[in-house]
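Now for the letters of each chain:
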Amino acid sequence: MRLTRLQETAQPVLRFAPSPNGALHLGHALSALTGFEMARRLGGRFLVRIEDIDRARVRPEYITGIFEDLAWLGITFEQPVLFQSHHLPAYKQAAACLDAMGLLYPCFASRKEIIAAADPAKLDPEGALVYPGIWRGRPQADVERELAKGEPFAMRLDMERAVALARKKFGGPITFSEIDGAGRSRIVVCDPQRWGDVVVLRKETPSSYLISVVVDDARQGITHVTRGMDLFAATDAQRVLQIILDLPAPLYHHHRLIVDDAGLKLSKSTGAQSLASLRVAGVTAAQVLRRISTTAVPLPSG
Ligand code: GLU
């Protein structure tokens, strides 16, 4: 079994990669702090990457807010900061490689059509309906008809084919290395098929979280990906693309999530209290750090 042990040879490089589509909350503070502290302990570099590809939801004030929040928490990072919106051609190019291998197909289906055709019992790890494969293997004439009408389309990954190729290249079941808070590593066996044929290029943006995170973790030489457990399952699909595109495998550390009083994960969409509003209410950065450290796992000692 082969893992690219980049982390054993290079200076550690860690990152905090927020999406500026809402104000940061305590969960983000924990993510940023976990990466920052781990970088410090490992003698590594710490980067910030702004994942601003979602044109409909990104707002400039959220970007300003990220930098204000990090400064307030005393989290410093290298310059320049990478903005994904400046690198869309790189994501398109990576997708073109996948396309050239016959792993992508255009999907013209609307959300409504997908919901109507999907099996309500088949949910992905985030609880969303698994895409029912409506456009997989459709005749070229159908594709051309939609293109002639100027219909927008997404590019989806043929997950079965992609996994078959990745397994062949990897030499067995796809895995990644997960380190825990004490720095112990374990091998996690991936199950990417449960995501179905994921979107690689969205209808409205020539990118997606999946392709841009994989391209940028490699471009920035990230050796340790630190982020919340909510992205643990997403790693499976990311590993498929890393293997197919010959990109190195970082180590992963998924930290536990901060939950609200009802035991639910904090989320921008459900209006979790923002770091900015805590600041305005007179909460100090030290109090925030204490609050998240009592809910976080200890950090690896390096
Ligand atoms: N941009 C993603 C988010 O804010 C995190 C990406 C990652 O850490 O891989 O949820």
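Located above this text is the structure these notes cover.
Note that the coordinates shown come from a computational prediction; the quantities given were computed from them, not determined experimentally.

Below, the discussion takes up the packing of aromatic side chains. Summed over all chains, the structure comprises six aromatic pairs. Aromatic pair Phe-108 and Phe-153: ring centres 5.2 Å apart, planes at 50°, arrangement tilted. One end of the pair, Phe-108, is in the loop between strand E4 (104-107) and helix H5 (111-117); the other, Phe-153, is in the loop between helix H6 (140-148) and strand E5 (154-157), with 45 residues separating them in the sequence. We classify Phe-108 as buried; its relative accessible area is 7%. An angle of 70° between the planes, with centres 5.3 Å apart, marks the rings of Phe-176 and Tyr-252 as edge-to-face. Separated by 76 residues along the polypeptide, Phe-176 in strand E6 (residues 175-179) and Tyr-252 in strand E10 (residues 251-255) bring together distant segments of the chain. Like Tyr-252, Phe-176 is buried. Joined through ring pairs, the aromatic side chains of Phe-108, Trp-135 and Phe-153 make up one cluster. In this structure, Arg-138 packs its charged tip against the face of Trp-135, placed 3.9 Å from the ring centre. Sitting over the face of the ring of Tyr-131, Arg-156 holds its NZ or CZ atom 3.7 Å from the ring centroid.

The next point concerns the environment of Leu-278. Relative to the assigned elements, Leu-278 resides in helix H10 (residues 275-280). In this structure, the C-alpha to C-alpha distance between Leu-278 and Gly-171, residues 107 residues apart in sequence, is 50 Å. Discounting chain neighbours no more than four positions away, the residues touching Leu-278 are Leu-26, Gln-273, Val-283 and Val-288.

A few words on the site of the ligand. By nearness alone, every residue bordering the ligand is listed as Arg-15, Ala-17, Pro-18, Ser-19, Glu-51, Tyr-209, Val-213, Arg-227 and Leu-231. Within the side chain of Glu-51, a nitrogen or oxygen atom sits 2.6 Å from a nitrogen atom of the ligand. Interatomic distance of 2.7 Å between a side-chain N/O atom of Tyr-209 and an oxygen atom of the ligand. Against a free-state accessible area of 300 Å², the protein chains account for coverage of 81% of the ligand. Of the residues contributing to the shell around the ligand, the split by class is five nonpolar, one polar and three charged.

Rules used in this analysis
- Residues numbered from 1 in each chain as written.
- Predicted model: local features only at pLDDT ≥ 70, side-chain atom pairs only at ≥ 80, totals over all residues.
- Heavy atoms only, no water.
- Phe/Tyr/Trp six-rings, centres within 6.5 Å; stacked < 30°, edge-to-face > 60°.
- Helix = DSSP H or I, 4+ residues; strand = E, 2+ residues; numbered from the N terminus.
- Buried < 20%, exposed > 50% of the residue type's maximum accessible area, 1.4 Å probe, protein only.
- Lys NZ or Arg CZ within 6 Å of the ring centre and 35° of its normal.
- Contact = heavy atoms within 4.5 Å.
- Near = heavy atom within 4 Å.
- Polar contact = N/O pair within 3.5 Å; in protein donor to acceptor, adjacent residues only side chain to side chain.
- Areas by Shrake-Rupley, 256 points an atom, 1.4 Å probe, with all protein chains shown as cover.
- Nonpolar A, V, L, I, M, F, W, Y, C, P; charged D, E, K, R; others polar.

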